[in-house]
Amino acid sequence: MKKIPFVTKEKVEEIVQSYPTPFHIYDEKGIRENAKAVQEAFAWNKGFKEYFAVKACPNPFLIQILHEHGAGCDCSSLTELMLSNALGIKGDDIMFSSNETPAEEYEYCAKVGGIINLDDITHIEFVEKILGKLPETMSCRYNPGGVFQMSNGIMDNPGDAKYGFTAKQLFEGYRILKEKGVKHFGLHAFLASNTVTNEYYPQLARQLFEVAVEVKERTGVELEFINLSGGVGIPYMPEQAGNDIRVIGEGVRQVYEEVLVPAGLGEVAIYTEMGRFMMGPYGALVTKAIHEKHTYKEYIGVDACAVNLMRPAMYGAYHHITVLGKEDAVCDHKYDVAGSLCENNDKFAIDRMLPEIEKGDYLVIHDTGAHGYAMGYNYNGKLKSAELLLKEDGSVQLIRRAETPQDYFATLDCFDIYGKL
Ligand SMILES: *Cc1c(COP(=O)(O)O)cnc(C)c1O
């Protein structure tokens, strides 16, 4: 399917009058429509809740939009918990799915009433020691080991992942939690990332539902929620067909009827912690071509770099690129699209066929709404960009300003650079 940006050349030319490139821009309409579709897909489950994975896009304005469509927050750190709390998203609306968790983060989570999703059996004692007493609701993260396989092959490698309890630890863990007075229990697993197939959630659900039945039989613990976590992917490439969340929801429902209901577990709430699926396609990085270079290859130099979007440099990830105003031009030029870091992997595209690019052209790098801005860093002293929201009425709101040198030097107050300049 042809990837069409949600901003036009005209719109970008208008935006840059106020906010220069590079910037990340988000599409309110797309976010809302998708969030509604998620709620509808799981409406069959009374307790359904999506906990948005804050790490994917930690912007309060965007999280607020999702919250208006029923989402809570899945947090993994102190600052994510703080952000959630500041939005009034607290208590059962927070899922704290962290690992190797520092004591003060558990403390803060307990203070705001979030649900602790334990990553390891030894953390039962750790949390008890910090809080004095375990919370009434607790969840455990399961790692079945081995590989996670679907009809189209091996999807991921849980056996190599640092996360979660083994099956044996899981049964033991619930037994201990029950003994220590915990009253409400959940189960969680994240076994494959960026799955572009409608099969992943139903297959994961079957595995977790079967474990839930076994937990009940072995320990008497009746789970109240099962958290399918994240991992629902998006089609980064134009030739990929995206997931259909309605098919996914229906697939989970069928397994629920088949496995949980007959076992007397027909009240279990289904939770999700999607990040990429909720936000990925509804964000884009807009950057300007500022140089062209002809050496052993043809390069287009842009004003964004891996600091703004790390996935291509880090994973060799594909992000589609549209040259604004040349949407229908033939792609008869082969380019490397490069950022300015002193790192040869700072390339948004390698050997990419694109229309002829001239200096001053605006490029839209697609699908940066999740794990895009969020993974940003400051290598080479580069500053992070602004974030903008394209609202439903067509107006644009600044939802995070660009960093300035002052921000970059802020933690150097022991040196006082501005006093020396
Ligand atoms: C990263 C993460 C998510 C979100 O994953 P996506 O692939 O963005 O959906 C959810 N839960 C946990 C525990 C995570 O670490």
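Note on numbering: residues in each chain are counted from 1, in written sequence order. Whole-chain, interface and lining totals are the exception, using all residues; otherwise, since this is a predicted model, local features are given only for residues with pLDDT of at least 70 and side-chain atom pairs are given and counted only at 80 or more. With hydrogens and water excluded, all non-hydrogen atoms of the structure serve as input to the side-chain values.

## A word on the overall build of the protein chain
Filter applied, for reference: Secondary structure follows DSSP: runs of H or I at least 4 residues long count as helices, runs of E at least 2 residues long count as strands, and numbering of each begins at the N terminus. Our radius of gyration looks at C-alpha atoms and nothing else; its globule reference is 2.2 Å times the residue count to the power 0.38. Each residue is assigned to one of three classes by its accessible area relative to the maximum for its type, calculated with a 1.4 Å probe on protein chains only: buried under 20%, partly exposed between the two thresholds, exposed over 50%. Residue contacts are counted whenever heavy atoms from the two residues lie within 4.5 Å of one another. Here the Shrake-Rupley method, with its probe set to 1.4 Å, supplies the accessible areas, and only the displayed protein chains count as covering residues. Neither His nor the chain ends is counted toward charge; the positive residues are Lys and Arg and the negative residues Asp and Glu. Every charge is mapped to an atom, namely NZ of Lys, CZ of Arg, CG of Asp or CD of Glu.
Summing up its helical and strand segments, the protein chain has 13 helices and 19 strands in all. For 421 residues, the compact-globule formula gives about 22 Å, and the C-alpha radius of gyration of the protein chain, at 23 Å, lands near that figure. Once the C-alpha set of the protein chain is aligned to its principal axes, its extents read approximately 70 × 55 × 45 Å. When each of the 421 residues of the protein chain is scored for burial, the buried share is 50%. A fraction of 69% describes how many contacts in the protein chain between residues 6 or more apart in sequence connect residues 24 or more apart. Surface summary for the protein chain: the accessible area is close to 18,700 Å², and the carbon and sulfur share equals 50%. Computing the positive centroid from 42 side-chain charges and the negative centroid from 60, the protein chain places the two 1 Å apart.

## Brief notes about the domain arrangement of the protein chain
Note the threshold: Those domain boundaries reflect an automatic or database domain assignment. Once two parts are brought into contact, the accessible area they lose, counted with a 1.4 Å probe and summed over both, makes up the buried area. The term salt bridge refers to a side-chain nitrogen of Lys or Arg lying within 4 Å of a carboxyl oxygen of Asp or Glu. Think of it as three bins: nonpolar holds Ala, Val, Leu, Ile, Met, Phe, Trp, Tyr, Cys and Pro, charged holds Asp, Glu, Lys and Arg, and polar takes everything else, Gly as well.
Each assigned domain of the protein chain is listed here: domain 1 (28–279) and domain 2 (281–412). Placing the centre of domain 1 and that of domain 2 at their C-alpha centroids yields a distance of 32 Å. When domain 1 packs against domain 2, close to 2,000 Å² is buried across both sides, 60% of that on carbon and sulfur atoms. At the boundary of domain 1 and domain 2, one finds one salt bridge. Between Arg 32 and Glu 392 there is a salt bridge, with the nearest N and O atoms lying 3.6 Å from each other. For the side of domain 1 that touches domain 2, the secondary structure elements donating two or more residues are helix H2 (28–41), helix H3 (60–68) and helix H10 (276–279). Of all the elements, H2 adds the most residues to the side of domain 1 that touches domain 2, at six residues. Class assignment for the residues of the side of domain 1 that touches domain 2 results in 15 nonpolar, four polar and five charged.

## Thoughts on the layout of surface pockets
Worth spelling out the cut-off: Site definitions follow a grid-based scheme: protein atoms alone, a 1 Å grid, a 1.4 Å probe that fits but cannot get out for cavities, and for pockets an open set with protein on both sides within 12 Å along at least five of seven lines, plus lining residues having an atom within 4 Å of a point. Grid points are joined across faces, edges and corners, and a volume is the space filled by probe spheres set on the points.
In this structure, the largest pocket encloses a volume near 990 Å³. In terms of lining residues, the largest pocket is bounded by 40 residues, among which Lys 55, Phe 190, Ser 193, Arg 276 and His 371 are the most central. Where the lining of the largest pocket is concerned, the elements lending two or more residues are strand E3 (72–75) and helix H11 (311–315). Here the element with the most residues in the lining of the largest pocket is H11; it accounts for three residues. Among the residues making up the lining of the largest pocket, the classes are represented as 18 nonpolar, 14 polar and eight charged. Both domains that meet at the lining of the largest pocket, namely domain 1 (28–279) and domain 2 (281–412), each give it at least three residues. Roughly 720 Å³ of volume is contained in the second largest pocket. If you go around the second largest pocket, you meet 31 residues; those closest to its centre are Met 1, Lys 3, Pro 235, Pro 281 and Tyr 282.

## What about the site of the ligand?
Here is the rule we go by: Any residue with a non-hydrogen atom lying within 4 Å of a molecule or strand is treated as near it. N or O atoms closer than or at 3.5 Å make up a polar contact, with two conditions inside protein: a donor-capable atom paired with an acceptor-capable one, and, for residues adjacent in sequence, both atoms drawn from side chains.
As a structural note, the neighbourhood of the ligand is formed by 14 residues, with Lys 55, Glu 273, Gly 275, Arg 276 and His 371 the closest of them. Taking Gly 275, its main chain carries an N or O atom lying 2.9 Å from an oxygen atom of the ligand. The side chain of His 371 places a nitrogen or oxygen atom 2.8 Å from an oxygen atom of the ligand. Surface burial for the ligand is 91%, taken as the share of its 390 Å² of free accessible area covered by protein chains.

## Overview of H3
What counts is decided by this rule: Each C-beta atom gives one direction from the helix axis, and the arc is the one those directions make.
Taken together, the buried positions of H3 are Leu 62, Ile 63, Ile 65 and Leu 66. Looking straight down H3, one finds its buried side chains confined to an arc of 155°; they lie on one side. The distance from a side-chain oxygen at the start of H3 to the backbone nitrogen of Phe 61 is 2.9 Å, and the residue carrying that oxygen is Asn 59. Immediately downstream of H3, the backbone of Gly 70 shows phi near 95°, a positive value.

## Thoughts on the environment of Ala 103
Its place among the elements puts Ala 103 in helix H5 (residues 103–111). Residue Ala 103 is classed as partly exposed on the basis of its relative accessible area, which comes to 26%. Taking the C-alpha atoms as reference, Ala 103 lies 18 Å from Tyr 163; in sequence the two are 60 residues apart. Apart from the residues within four sequence positions on either side, Ala 103 is in contact with Phe 126 and Ile 130.

## Details of the sheet that holds strand E6 (residues 137–141)
What counts here: When DSSP finds at least two bridges between two strands, those strands are taken to pair. All axes here are fitted lines through C-alpha atoms, helices being fitted over the stretch that makes contact, and every angle between N-to-C directions spans 0 to 180 degrees.
One closed barrel holds the eight strands; their spatial order is E2-E3-E4-E5-E6-E9-E10-E11, and the pairing between them is parallel. Put simply, the sheet's adjacent strands are angled 25° from each other on average, direction ignored. Pairing between strand E10 (residues 225–227) and strand E11 (residues 269–272): three bridges, direction parallel. By the bridge assignment, Asn 227 is partnered in E11 with Tyr 271.

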